[in-house]
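# Chains, contacts and geometry: an overview
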Amino acid sequence: VERAINRAVREGLFDDLENAGKPLRQQSENVFEVLAGETTANRILKQAGCAPAWIELRKEIRHGLADSRRQLAIAYIQVVDEHYDESAGATPAFAEAAGRRAARRVAARAAA
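What you see is a predicted model; the values in this text were computed from it and never measured. (Residues numbered from 1 in each chain as written. Predicted model: local features only at pLDDT ≥ 70, side-chain atom pairs only at ≥ 80, totals over all residues. Heavy atoms only, no water.)

### A few points about the overall build of the protein
To be explicit about the condition: Think of it this way: any DSSP run of H or I at least four residues long counts as a helix, any run of E at least two long counts as a strand, and we number them from the N terminus. Note on areas: Shrake-Rupley, 1.4 Å probe, and residue coverage restricted to the protein chains presented here.
When you go through the protein residue by residue, the secondary structure sums to 5 helices and 0 strands. Ordered by position from the N terminus, the helices and strands of the protein form the series α-α-α-α-α. Put simply, the protein shows about 9,800 Å² of open surface, and 56% of that area lies on carbon and sulfur atoms.

Next comes the structure, spelled out in structure tokens:
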């Protein structure tokens, strides 16, 4: 398919297309909603300020995952603070810095 498209471009088959260089017009309906037969239901939900159940569930999962990552970062910091190894040259400041770095990584992933 890629080769056929590249060949057509080289041969200039796309040069004289109608509306070339203009933005595509936006479709008023989502093709996937139409195929699933959910257009009317989703339009009513949208007008009421709601979202379909699968979108609400996705938001809930994302928020739960972010909260879990934050809790994990806090727990990690606490464990590092409690169990740093002085005999290996670790100091409380080292343990705290390691915990902060880990917390920042976890927080960055939670925000993504």
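That shown, we press on.
### Some thoughts on a positive patch on the surface
Inclusion rule: The patches described consist of residues with a relative accessible area above 30% and no salt bridge, like charges being joined within 9 Å and nonpolar side chains (Val, Leu, Ile, Met, Phe, Trp, Tyr) within 5 Å. Here, a salt bridge means any side-chain nitrogen of Lys or Arg that lies within 4 Å of a carboxyl oxygen of Asp or Glu. Positive charges come from Lys and Arg, negative ones from Asp and Glu, while His and the chain ends are left out of the count. Where a charge lies is defined by one atom per residue type: Lys uses NZ, Arg uses CZ, Asp uses CG and Glu uses CD.
On the surface, R101, R104, R105 and R109 cluster together into a patch of positive charge. Note on placement: R109 falls in helix 5 (residues 92–111).

### Description of the pattern of salt bridges
Note the cut-off: We call a residue buried when its accessible area falls under 20% of the maximum for its residue type, exposed when it is over 50%, and partly exposed in between, using a 1.4 Å probe and counting protein chains only.
For the structure shown, the criterion picks out 2 salt bridges. Residue E56 is joined to K59 by a salt bridge in which the shortest nitrogen-to-oxygen separation is 4.0 Å. Of this pair, E56 and K59 both sit in helix 4 (residues 53–83), 3 residues apart, which is roughly one turn of that helix. The class for E56 is partly exposed, based on a relative accessible area of 36%. Between R70 and D67 there is a salt bridge, with the nearest N and O atoms lying 2.6 Å from each other. Here R70 and its partner D67 are both found in helix 4, 3 residues apart, which amounts to about one turn of the helix. For R70, a relative accessible area of 44% translates into the label partly exposed.

### Some remarks on a nonpolar patch on the surface
The grouping of V1, I5, V9, F14 and L17 at the surface amounts to a nonpolar patch, some 500 Å² of accessible area in total. Assignment of secondary structure puts F14 in the loop between helix 1 (2–10) and helix 2 (31–36). F14 sits in the partly exposed class, given a relative accessible area of 40%.

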